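# Structural description and commentary
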Amino acid sequence: MHKSNPFKHLHQDQGEGKETESSLLAKRVTLVIFVAFLLLFPHYAPWEPAYQKSDSLLQMIFTLYFFVANQTLGIVHEAGHGVCYILPCPEFLTMANGTIFQLLFPGLIAYYYYRKGNLFAAMIALFFVGFSLQYTAWYLSTAHEGLILPAHQSFLGVDAIHDFNYMLSAMGLLAYESLIAGLTRFVAYLIMLTAVIGMFFEAFPNKYKSRWGSSGWRRRKKDF
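To keep things clear, this report deals only with the structure shown in the data block. Each chain has its residues counted from 1, following the order in which its sequence is written. It should be noted that, the model being predicted, local features are given only for residues of pLDDT at least 70 and side-chain atom pairs only at 80 or more, the latter also being counted only at that level, while totals for whole chains, interfaces and linings use all residues. Computation of side-chain values covers all heavy atoms of the structure but excludes hydrogens and water.

## Some words on the overall build of the chain
The helix and strand labels rest on DSSP assignments: H or I over at least four residues marks a helix, E over at least two residues marks a strand, and numbering proceeds from the N terminus. In terms of helices and strands, the chain carries 8 helices and 2 strands. Put simply, the chain runs from its N terminus to its C terminus through helices and strands in the order α-α-α-α-α-β-β-α-α-α. Put simply, 64% of the contacts in the chain that link residues at least 6 apart link residues at least 24 apart. With residues, only the protein chains shown are counted as cover, and all accessible areas are computed by Shrake-Rupley using a 1.4 Å probe. Counting every atom, the chain has about 13400 Å² of accessible surface; 68% of that belongs to carbon and sulfur. Only heavy atoms enter the contact rule, under which two residues are in contact if any of them lie within 4.5 Å.

Below you can see the structure in the form of structure tokens.
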């Protein structure tokens, strides 16, 4: 028995023919969710200055989400370090590779969908590049706490070296930690906002067809 794929709108070739109403509806609902997330993010992300702890349902939802996201990003981050434990990487690259992997993972997903001509899916992945960079900004902001990351703060549960304390110290930039973390946070928000704007144009293509042309701003599918 044939079963319909609820994620078909993420895999269909976007450049061919007109999209169905159900596909556009799915995009618009997804857009609303991401806009709401972006607006609420500063209030519920535990590392943000505007964060206020409460017992509300939204707080519990965001707490659960951040827990899952933290575990996912933590695994990818540690995998980046793990590659350099296997390969003969310079020590500085070993420290940096966790963050590189953490950003590269959603970035490559965005590039994959961009090459396939599915810009809406690419924008979703791009949003998570910005989200991952938010974690990087927070991690940067704790570099002043010392070179050794205590076991209770380490993802692996053992004492570890603080990546950014090591890297900023090596570059003589530890004194500028707050500035660098702030700029990183700004870029992260900019990426997330850009992704949401991109989703908007993909969710409402007909309104901007005359401005962008008959095929909108979409990229033709390219096979790898």
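## Description of a nonpolar patch on the surface
Without a salt bridge and with relative accessible area above 30%, a residue can belong to a patch; like charges are then joined within 9 Å and nonpolar side chains (Val, Leu, Ile, Met, Phe, Trp, Tyr) within 5 Å. Here, a salt bridge means any Lys or Arg side-chain nitrogen found within 4 Å of an Asp or Glu carboxyl oxygen. A surface patch of nonpolar side chains, about 570 Å² in accessible area, is lined by Phe92, Met171, Leu173, Tyr176, Leu179 and Leu183. For leucine 179, the location among the structural elements is in helix 7 (residues 177-203).

## Points about the packing of helix 5 (residues 119-141) against helix 7
Each pair of packed helices can be described by the angle between their axes along with the distance between the axes. Only the contacting stretch of a helix is used when fitting its axis, a line to C-alpha atoms as for every element, and angles between N-to-C directions run 0 to 180 degrees. Relative to each other, helix 5 and helix 7 sit at 165°, their axes nearing to 8 Å. What the angle tells us is that helix 5 and helix 7 run roughly antiparallel. Where helix 5 crosses over helix 7, the two elements pack in a sense that is left-handed. Three categories are distinguished: nonpolar for Ala, Val, Leu, Ile, Met, Phe, Trp, Tyr, Cys and Pro, charged for Asp, Glu, Lys and Arg, and polar for the others, with Gly belonging to the last. For the contact of helix 5 with helix 7, a count of residues per class yields 22 nonpolar, 7 polar and 3 charged. Geometric relationships in this document are graded by angle, where less than 35 degrees denotes roughly parallel, more than 145 denotes roughly antiparallel, 65 to 115 denotes roughly perpendicular, and other angles denote oblique. Each helix crossing is assigned a hand: it is left-handed if the near helix lies turned anticlockwise from the far helix by less than a right angle, otherwise right-handed if that turn is clockwise.

## Side note on helix 3 (residues 57-86)
Each residue after the first adds 1.5 Å to the expected span of a helix. The terminal C-alpha atoms of helix 3 lie 44 Å apart, and with 30 residues this matches the ideal 44 Å at 1.5 Å per residue to within 8%. When accessible area is computed with a 1.4 Å probe and restricted to protein chains, residues below 20% of their type maximum are described as buried, those above 50% as exposed, and intermediate ones as partly exposed. Where helix 3 is concerned, the buried positions are Gln59, Phe62, Phe66, Ala69, Leu73, Gly74, Val76, His77, Gly80, His81 and Cys84. Those residues of helix 3 that are buried are in contact with helix 2 (21-44), helix 4 (91-115), helix 5 and helix 6 (163-170).

## Observations concerning the nonpolar core
Take the buried residues of types Ala, Val, Leu, Ile, Met, Phe, Trp, Tyr and Cys, join any two whose side-chain atoms come within 4.5 Å, and each joined set is a nonpolar core. Counting residues in each nonpolar core, the largest one holds 23 residues, and the members touching the most others are Phe37, Phe41, Phe66, Phe127, Phe131, Tyr135 and Met199. Those elements giving two or more residues to this core turn out to be helix 2, helix 3, helix 5 and helix 7. Those residues in contact with phenylalanine 66 that lie beyond four places of it in its chain are Phe41, Tyr44, Ala45, Pro46, Trp47, Phe131 and Tyr135. Met95, Met167, Leu168 and Ala181 belong to the second-largest nonpolar core, a separate cluster that totals 10 residues.

## Let's talk about helix 2
Helix length check: helix 2 (24 residues) gives 33 Å between terminal C-alpha atoms against 34 Å at 1.5 Å per residue, within 8%. Along helix 2, the helix axis deviates most sharply at leucine 38, where the bend reaches about 30°; the proline proline 42 sits within four residues downstream. When helix 2 is considered as a whole, its buried residues turn out to be Ser23, Leu24, Lys27, Thr30, Leu31, Phe34, Phe37, Leu38, Phe41, Pro42 and Tyr44. Note that bend, as reported per residue, equals the angle between axes fitted to the 7 residues terminating at that residue and the 7 residues originating from it.

## Description of the packing of aromatic side chains
Centre distance within 6.5 Å is the pairing criterion for rings of Phe, Tyr and Trp, where only the six-membered ring of Trp is used; planes under 30 degrees apart are then read as stacked, over 60 as edge-to-face, and the remainder as tilted. By the definition in use, this model includes 23 aromatic pairs. Their ring planes at 85° and their centres at 4.9 Å tell us that phenylalanine 34 and phenylalanine 127 sit as a pair that is edge-to-face. Residue phenylalanine 34 is located in helix 2, and its partner phenylalanine 127 is located in helix 5; the two are separated by 93 residues in the primary sequence. Comparing phenylalanine 34 with phenylalanine 127, the two get one shared label, buried. With centroids separated by 6.0 Å and ring planes inclined at 80°, the aromatic side chains of phenylalanine 34 and phenylalanine 128 adopt a geometry described as edge-to-face. Note that phenylalanine 34 is positioned in helix 2 and phenylalanine 128 in helix 5, a separation of 94 residues in sequence. Taken together, the ring pairs connect Phe34, Phe37, Phe41, Tyr44, Phe62, Tyr65, Phe66, Phe127, Phe128, Phe131, Tyr135 and Tyr189 into an aromatic cluster.

## Digging into the pattern of salt bridges
Here the structure, examined in full by the defined rule, presents 1 salt bridge. Residue lysine 27 is joined to glutamate 202 by a salt bridge in which the shortest nitrogen-to-oxygen separation is 3.9 Å. Linking lysine 27 in helix 2 with glutamate 202 in helix 7, this pair joins segments that are 175 residues apart in sequence. With a relative accessible area of 0%, lysine 27 lands in the buried category.

## A word on the packing of helix 2 against helix 3
It is at 11 Å that the axes of helix 2 and helix 3 come closest, and there the two elements cross at 90°. In terms of orientation, helix 2 and helix 3 fall into the roughly perpendicular class. Residues Phe37, Leu40, Phe41 and Tyr44 of helix 2 touch helix 3, and the partners they reach there are Leu58, Gln59, Phe62, Tyr65 and Phe66.

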